[in-house]
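Structural features, examined
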Amino acid sequence: EDKVVQSPLSLVVHEGDTVTLNCSYEVTNFRSLLWYKQEKKAPTFLFMLTSSGIEKKSGRLSSILDKKELSSILNITATQTGDSAIYLCAVGGAGANSKLTFGKGITLSVRP
Amino acid sequence: EAGVAQSPRYKIIEKRQSVAFWCNPISGHATLYWYQQILGQGPKLLIQFQNNGVVDDSQLPKDRFSAERLKGVDSTLKIQPAKLEDSAVYLCASSSRQGRHNEQFFGPGTRLTVL
């Protein structure tokens, strides 16, 4: 059974801090790892990492995939209060109809 | 591009009652997913459709949950009868077979409270 573990489970920082969120996984025939940001209800897509794209960056957010260590990190620099959310990591296996397995999420609180 | 639509947004029922949720995916998306997200947990896949066929329903409690996607577009998820432990947010997501593999777009969800 596929498994995703995220750490820490929660984190409180001050505006301007840099944070690193961790995700480790066990999945049969790994294909992709996705990061989502969840505020209130619907998760919104941040990044997808695959064997052909192990590093992604968008503004203050960046993510790296380590296929050897079966893990990924999500970095947020110069945090803002608007970054407060739950960050979900999900992994997908090979196959056109493969499902995503989600971790429990990391609750990030950014204090002014 | 319109996003994934879901209704209702909130529902409160008593245990043993029935409830149904509706989802309309992004236009053209062949794959539709229903997830259950219990407070403090990540989303758990209940059922996955490819067009109007079921691809994966291994985690759907079939004694009380059912889902259909008759015309390969919108979908309904039903719980009958509901239990207290069914209290959760029910998320619908869709993805395009032609798009990035595994990237799913989520709807706003339905928060179900079972009393």
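Residue numbers run consecutively from 1 along every chain, following the written order of its sequence. For this description, chains carry letters from A and ligands carry numbers from 1, given in the order in which they are written. Side-chain atom pairs in this predicted model are given and counted only at pLDDT of 80 or more, local residue features only at pLDDT of at least 70, and totals for whole chains, interfaces and linings cover all residues. Remark: hydrogens and water are excluded; side-chain values derive from all non-hydrogen atoms of the structure.

Let us now look at the interface of chain B and chain A. Facing 28 residues of chain B, the contacting portion of chain A comprises 22 residues. When chain B packs against chain A, the two sides together hide about 2,000 Å² of surface, and 53% of this comes from carbon and sulfur. Only one rule defines a salt bridge in this text: a Lys or Arg side-chain nitrogen within 4 Å of an Asp or Glu carboxyl oxygen. The tally of links between chain B and chain A comes to zero salt bridges. The term polar contact refers here to a pair of N or O atoms within 3.5 Å; inside protein, the definition further demands a hydrogen-donor-capable atom paired with an acceptor-capable atom, and it admits residues adjacent in sequence only when both atoms are side-chain atoms. Put simply, chain B and chain A have two residue pairs in polar contact (both at pLDDT 80 or more) between them. In this analysis, two residues are considered to be in contact whenever any of their non-hydrogen atoms come within 4.5 Å of each other. Once two parts are joined, some of their accessible surface, as seen by a 1.4 Å probe, is lost; buried area is that loss totalled over both.

Now for the nonpolar core. In globular proteins that are soluble, nonpolar side chains generally tend to be buried together. Residue types Ala, Val, Leu, Ile, Met, Phe, Trp, Tyr and Cys, when buried and joined through side-chain atoms within 4.5 Å, form a set referred to as a nonpolar core. For every residue, the accessible area (1.4 Å probe, protein chains only) is compared with the maximum for its type, and the residue is labelled buried under 20%, exposed over 50%, or partly exposed between those bounds. Of all hydrophobic cores here, the largest spans 23 residues; its most connected members are A:Tyr25, A:Phe30, A:Leu33, A:Trp35, A:Tyr87, A:Val91 and A:Leu108. In this description a helix means any DSSP run of H or I spanning at least four residues, a strand means any run of E spanning at least two, and both kinds are numbered starting from the N terminus. When residues of this core are traced back to their parent elements, those giving at least two are strand S3 (19–26), strand S4 (30–38), strand S5 (43–50), strand S7 (61–66), strand S8 (71–76), strand S9 (85–93) and strand S11 (106–111) of chain A. Those residues in contact with A:Val91 that sit more than four places away from it in its chain are A:Val4, A:Tyr25, A:Val27, A:Phe30, A:Ser32, A:Leu33, A:Lys99, A:Leu100 and A:Thr101. Counting residues in hydrophobic clusters, the runner-up holds 21 residues, among them B:Ile26, B:Ala82, B:Ala88 and B:Cys92.

Let us look at unusual backbone geometry. The omega angle of the peptide bond from A:Ser7 to A:Pro8 is -10°, so this bond is cis rather than trans. Position of A:Pro8 relative to the elements: it lies in the loop between strand S1 (3–7) and strand S2 (10–14). In the segment running from B:Ser7 into B:Pro8, the intervening peptide bond is cis, with an omega of -10°. Relative to the helices and strands, B:Pro8 resides in the loop between strand S1 (5–7) and strand S2 (10–13). The backbone of A:Leu70 shows a phi angle near 55°, a positive value even though the residue is not glycine. Within the secondary structure layout, A:Leu70 lies in the loop between S7 and S8. Unlike most non-glycine residues, B:Arg16 shows phi in positive territory, near 80°.

Attention shifts here to the pattern of salt bridges. Residue and element names in this part refer to chain A. In the structure shown here, the tally under the stated rule is four salt bridges over all chains. Measuring nitrogen to oxygen at the nearest pair gives 2.8 Å for the salt bridge that ties Arg 60 to Asp 83. You can see Arg 60 sitting in the loop between strand S6 (55–58) and S7 and its partner Asp 83 sitting in the loop between S8 and S9, a full 23 residues away along the chain.

Turning next to the state of the cysteines. The rule for a disulfide is simple: a pair of cysteine sulfur atoms within 2.5 Å. Per the counting criterion, the structure on display carries two disulfides over all chains. Disulfide pairing is shown between A:Cys23 and A:Cys89; the S-S distance is 2.0 Å. Sign of the S-S torsion, about -70° for the bond between A:Cys23 and A:Cys89, identifies this disulfide as left-handed. In this pair, A:Cys23 is assigned in strand S3 and A:Cys89 in strand S9, connecting sequence segments 66 residues apart. Each of the two residues, A:Cys23 as well as A:Cys89, counts as buried. Covalently, B:Cys23 is tied to B:Cys92 through a disulfide, its sulfur atoms 1.9 Å apart. Judged by the sign of its S-S torsion, about -70°, the bond between B:Cys23 and B:Cys92 is left-handed. Of the two residues, B:Cys23 is situated in strand S3 (residues 19–24) and B:Cys92 in strand S9 (residues 88–95); the sequence distance between them amounts to 69 residues.

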